[in-house]
Amino acid sequence: MRALIRAATDRKLSRRTFLRVSGTAAGGLFVGLHFDLPPLLREKQGAPKVYPPEAFVHVMPDGRIAIVVNRVELGQGVATALPMILADEMDADWSQVSAELAPAADVYKDPVYGFQNTGGSATIANSFLQYRELGAKTRAMLVSAAADRWHVAPEQCRTANSVVYGPGNRSARYAELASAAARLPVPEKVRLKNPSEFRLIGKRIRRLDGRAKSVGAQKFGLDLNLPGMLIAVIARPPLFGARVKAFDDREVRTMSGVRDVFEIPLMTGSAVAIVADRFWTAKRARDRLKIEWDLAGVERPDSAELFTRYRQLARTVGTVAVNRGDEGAMDRISTSNRIVAEYQLPYLAHTPMEPLNTTIRFDGDSAEAWAPSQFPGYDQAAIAQVLGLKQQKVTYHVEFAGGGFGRRQSFDSHVQREAAEIAKRMRGTPVKVIWTREDDVQGGYYRPMFVHRVEVGIGGDGMPAAWKHVVVGQSYLAGTPFESLLIKNGVDFDAIGGTEDTPYLIPNFRVSAHHPKVSVPPSQWRSVGYSHNIFVIETLIDELATRAETDPIAYRLKLLPPNALRLRAALAILEQKSGWRKNLPPNRAVGIACTQYQGTAVACAAEVAIENKRPKIMRVSVALHCGLAVNPLSIENQFQGGLIFGMSQLLPKGVITLKDGRVEQRNFDRLAPPYIGDAPLRIDVHIVPSAEPPTGCGEPPVPVISPAVVNALARLTGKRYRSLPLLAL
Amino acid sequence: MANAQGSAANDKAVDGLRAWDSVYSVLTFPRCINCHTATNYPQQGDDRHRHFANVVRGPDGKGVAGLNCATCHQEKNSDATGVPGGHNWHLAPLSMRWQDVNDRILSSAAVCRAVVDRAKNHGLDGPGLLKHHEEEALVLWAWSPGVRPDGTMRSLPPMTHSQFVAATRRWVSAGTPCPVSK
Amino acid sequence: MTTYQLSVNGERKDVDVDPTTPLLWVLREELKMTGTKYGCGIGACGACTVHLAGIATRSCVVPVSLIGSRAIVTIEGIGNDPVGRVVQDAWVETDVVQCGYCQSGQIMTAVALLKDKSKPTDTNIEESMGGNLCRCGTYMRIREAIKTASAQLR
């Protein structure tokens, strides 16, 4: 059956679709993309979208059930949660269920966003109903097959654990019924379970891939092995955008195992690819390759110089994005009742543990590719473009990823384009391109650096009475296919997400932005604009609360509108579960921060001490409201992990700096993300019970930990830290 | 003026102290002092920053189970991967610390006192110290320290090993004199 | 190219490689054993950890020419070790992994710790596991799993 709503294509969206950024949902990896559907289809929005079960569920003759997951498993647990949802409605025997990752194909597009992606913490929110329906329809077809066989009505049958039971003592296993069921028409409407009937959804279910990943059996993109496969590494220019001038490969070509050495274009500039039969050979060849780069006139971004420039820009109003209330209100507030704060937030790298990689084999009229990817459709189209093929002639397999955090997606599909250039030259042979850790650390696509300058006017009641906020930083989306969606009137809403859409009731509120162009390629880092905007907002709110001599949770509750239900609930649970913050030992303090990201509300309390002039996070209590908690165990994992990910930007060696055009860090020797010694000893996670439609958990915890820690430090030291990372206190 | 005998003795002491200056300049060079820390971690690099990956001293200066020195450092340098190596790679004991707990290098007098103190230096007398400087594998390593992960050569101490041994010999034969105070 | 005879998980494996090839790449590319992972190549992250003569060793920095006859045990073989099996079971029971890419190294390091100290303190855990990087931040559960495993060991 044809889908009632044809998902938007990977290419340009039709002129009739435009972005409406909802007030509560902006920011994030693909946030708030409510494609306005053409009028013809709008009234059908409530109707079920039809996805063919056979693309999502394979019931095998031996009883095993493979469920196809329309996302990449990055660690966030979707390859367990989506099968749980489907298997629950299907009444499948969970012990027989396994997950497969879907390749690039239209049927696997995100049903809300209209393109295949993993991001925006949107998987559960957007595919919850989809997978329930798939499970329910599959069940209905199996029941129909049994009912047909037994000449009874389907209503006389019930299901449990991959068995259909009929009147009398009749029963049939799903495995026996599968082929008959597959021949039946897919029902248009199905009854979904009442939540009281859930057997899997809502339970703490261990991940399906847990054992494989604990015994070294899980294969990631980097582990792919194909007959005749070659390995490629790329010698990248020392400055972003530079080109190869000349290279001397005579010595390198004599190395045993080296197959080819050639120049390839990059998104900007060019590089030299080395292809060999083994990684070590390719890497050694690259070390020995003599390359002359054309650096004349190439931009040399420098962190210190950029911060100076950004601070200057921040003193002027940028392109205005939000302007509500009375612009003159600030002038009527005396300067002694104002806070002027300037923030400096550095470049951040994702550094997922599995380095970037893609494997492609180009056969002339078709191609096959394998990659851990958050944007399979885009990547597939990019590879096709480079190889001169139609998109559907590229088979694109999605592999398990050793972490993503936003790095496995890019609007320019640069990783895949480079790999396609190499595959084109090595036609007929599969080539795996491997980025070394140095390539990754120095390769750009960072969360951009930002400066914020905020002026807050405080009312007589201690609440903010006026707020003027300037954000300075690169646009994530300029020059990408999504420019028209999230850049409105010259302002990149991904860059101001967290500020422009703040739920706090702040009157006379103006937000503006400057988007300097810098040659360092930007990218979306887990929680995107919230990663810096929430740091600014939540530390300022804390400062206001302190000035008003009000408890930081109480102050936030006062500043939130009554209908900020999820945030209120999260703050209330946090209040309840963080009673320990009233009985702190000496030399410890607590900081509070909260946010709502893509519908999920988070509030945390971080207990901090100072040891050896560094903040030590002793304990964190975090409360969240994500609607229905599909897998509370997985959510707990995401929140513990996300808080630790988020603290990267506090660590002195946790950030990227550039000096005279070159990235100063090379590897984990000089770029040190949090190790176990940096992590708190305890993180307790509290989920607000709810039956509302679920929202995501991958990114929401990330933005709150840094402001919570800095708020605690303000109590310990009396100082407000507005520059990250935190150097010696 | 002192008599000739006193003058010769003085000369020898002065020469011994000069020799010690040379020895001190090697002992406090990064290739040596990075493993003579007062803390529970080694240092690395010419800028003597804390060794990456949170490696710690452990009970015997060899790290801890799961993260020993031998977890990375083998019997020889691995130039292709940038990891130095030598026989029995480990930290000098705390009794042989030549820095303070804030990673500041101790004075010439303080280091000298520690080096000659037989209660601290595993019972080495003058000849023992000379032999240590001449033959100990990890001492010799400082003059073939290998290549860094970025492919560049690690920097060498301010004199050759022979010169270091010669200076040690002069210092020992002068009775291992130490500068006064501090 | 030189031929080396290696002992890997109790079996003899002959490989013909450049002497500078790190053990990591010998395992992954010559022996097709991909359970041991490449994370950084300089010994800073621990994803490549194996046991070499019983010592947790970062295989990305050890050239095959320096291995000799020392027995190599990898994540694929550690389950045959009683401590290894208990640790892997604890990892599964505690639902430690997220992306899982660092976990082979985490487990090999944890096994080395527990073979040395079957009742490690919090400090022991922090010091021994202190050099293994997990970007997903599974440290809370790593600690929990080590304690669970410890409780099952004499």
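Every value quoted in this text rests on a predicted model; they were computed, and no experiment measured them.

**With respect to the interface of chain C and chain A**
Facing 45 residues of chain C, the contacting portion of chain A comprises 48 residues. If you list the elements that add at least two residues to the side of chain C that touches chain A, you get helix 1 (23-30), helix 2 (82-93), helix 3 (103-116) and helix 5 (139-152) of chain C. When its residues are assigned to classes, the side of chain C that touches chain A shows 23 nonpolar, 15 polar and seven charged.

**Regarding the sheet that holds strand 14 (residues 319-324) of chain A**
All names here are of chain A. Reading across the sheet, the five strands line up as 14-24-21-20-15 and stay open at both edges, with mixed pairing between neighbours. Sheet topology places strand 14 and strand 15 (338-345) at the edges, where each strand pairs with a single neighbour. The sheet shows a mean angle of 10° between the axes of neighbouring strands, direction not considered. Alignment of strand 15 against strand 20 (residues 450-458), held across eight bridges, turns out to be antiparallel. In the sheet register, V340 faces strand 20, and the bridge partner there is E455. Packing of helix 8 (residues 303-314) onto the sheet brings it into contact with strand 15, strand 20, strand 21 (464-473) and strand 24 (509-514), and relative to strand 20 it is tilted by some 35°.

**Looking at the packing of helix 3 (residues 123-150) of chain A against helix 4 (residues 174-182) of chain A**
All names here are of chain A. Helix 4 packs onto helix 3 with a crossing angle of 90° between their chain directions and a minimal axis gap of 8 Å. One finds that helix 3 runs roughly perpendicular with respect to helix 4. Contact with helix 3, carried on its side by M141, L142, S144, A145 and A146, involves Y174, L177, A180 and A181 of helix 4 and no other residues of that element. When grouped by side-chain class, the residues that make up the contact of helix 3 with helix 4 number eight nonpolar, one polar and no charged.

**A few points about the nonpolar core**
In summary, soluble globular proteins display a tendency toward joint burial of nonpolar side chains. Residue and element names in this part refer to chain A. Core analysis: the biggest nonpolar cluster contains 279 residues, and I67, A232, I274, A570, C604 and A606 have the highest contact counts within it. Counting residues per element, this core draws most heavily on helix 3, at twelve residues. I67 has contacts with F56, V57, L82, P83, L86, A87, V97 and A99, leaving out every residue within four places of it along the chain.

**Looking at the interface of chain A and chain B**
Contacts between the two partners involve eight residues from chain A and, on the opposite side, five residues from chain B. Its residues placed into classes, the side of chain A that touches chain B shows three nonpolar, two polar and three charged.

**Describing the environment of E305 of chain A**
All names here are of chain A. Position of E305 relative to the elements: it lies in helix 8. For E305, a count of 13 C-beta atoms within 10 Å gives the class partly exposed. Residues E305 and A105, spaced 200 residues apart in sequence, show a C-alpha to C-alpha distance of 45 Å.

**A short note on the confidence of the model for chain C**
For chain C, per-residue confidence averages 98 on the pLDDT scale, and residues scoring 70 or more make up 100% of the total. ipTM for the predicted complex: 0.99, alongside a pTM of 0.94.

**Description of unusual backbone geometry**
Residue P725 of chain A follows L724 of chain A across a cis peptide bond; omega there is 0°. Examined against the element boundaries, P725 of chain A turns out to sit in the segment after helix 18 (702-717). The residue H122 of chain B is not glycine, and still its phi comes out positive at about 65°. Of note, H122 of chain B is situated in the loop between helix 3 (108-116) and helix 4 (126-135).

**Re the domain arrangement of chain C**
All names here are of chain C. Domain boundaries assigned for chain C yield domain 1 (2-73) and domain 2 (79-152). Using C-alpha coordinates to define each centre, domain 1 is positioned 21 Å away from domain 2. Listed per partner, the contact involves twelve residues of domain 1 and ten residues of domain 2. Per-class residue counts for the side of domain 1 that touches domain 2 are five nonpolar, six polar and one charged.

**Observations concerning the packing of helix 17 (residues 632-646) of chain A against helix 18 of chain A**
All names here are of chain A. For the pair helix 17 and helix 18, the least separation of the axes is 7 Å and the interaxial angle reads 55°. Viewed along their axes, helix 17 and helix 18 adopt a mutual orientation that is oblique. The two elements helix 17 and helix 18 meet at a crossing, and its hand is right-handed. Counting all contacts with helix 17, which are made through G642, L643, F645 and G646, the residues of helix 18 involved are V702, P703, I705 and S706. Class assignment for the residues of the contact of helix 17 with helix 18 results in five nonpolar, three polar and no charged.

**Focus: helix 2 of chain C**
The α-helix winds at 3.6 residues per turn, so residues separated by three or four positions along the chain end up facing the same way. An ideal rise of 1.5 Å per residue puts 16 Å on twelve residues; helix 2 of chain C measures up with 17 Å between its terminal C-alpha atoms. In this fold, the buried residues of helix 2 of chain C make contact with helix 5 (210-214) of chain A together with helix 3 and helix 5 of chain C. Directly beyond the C-terminal end of helix 2 of chain C, a positive phi value near 55° is found at D95 of chain C.

**Observations concerning the pairing of strand 17 (residues 367-371) of chain A**
All names here are of chain A. Within strand 17, four of the five residues are buried, which leaves it mostly tucked inside the rest of the structure. Note that strand 16 (residues 357-362) and strand 17 share four bridges and pair antiparallel. What sits directly across from F362, in strand 17, is A367. Two successive antiparallel strands, strand 16 and strand 17, enclose a turn made up of four residues, where G364 displays a positive phi of approximately 100°. Pairing between strand 17 and strand 18 (residues 394-398): five bridges, direction parallel. Looking at strand 18, one finds that E368 is bridged to T395. Since strand 17 and strand 18 lie parallel, the crossover through helix 9 (residues 376-387) that links them has a hand, and here it is right-handed.

Reading the values: rules and limits
- Residues numbered from 1 in each chain as written.
- Chains lettered and ligands numbered in written order.
- Predicted model: local features only at pLDDT ≥ 70, side-chain atom pairs only at ≥ 80, totals over all residues.
- Contact = placed C-beta atoms within 7 Å.
- Helix = DSSP H or I, 4+ residues; strand = E, 2+ residues; numbered from the N terminus.
- Nonpolar A, V, L, I, M, F, W, Y, C, P; charged D, E, K, R; others polar.
- Pairing = 2+ DSSP bridges.
- Axes fitted to C-alpha atoms, helices over the stretch in contact; angles between N-to-C directions.
- Parallel < 35°, antiparallel > 145°, perpendicular 65-115°, else oblique.
- Core = buried A, V, L, I, M, F, W, Y, C linked by C-beta atoms within 7 Å.
- Buried ≥ 20, exposed ≤ 12 C-beta atoms within 10 Å, placed from the backbone.
- pLDDT = per-residue confidence, 0-100.
- Domains from an automatic or database assignment.
- Left-handed = near helix turned anticlockwise from the far one by under 90°.
- Expected span 1.5 Å × (residues − 1).
- Right-handed = clockwise from strand over helix to strand, strands pointing away.

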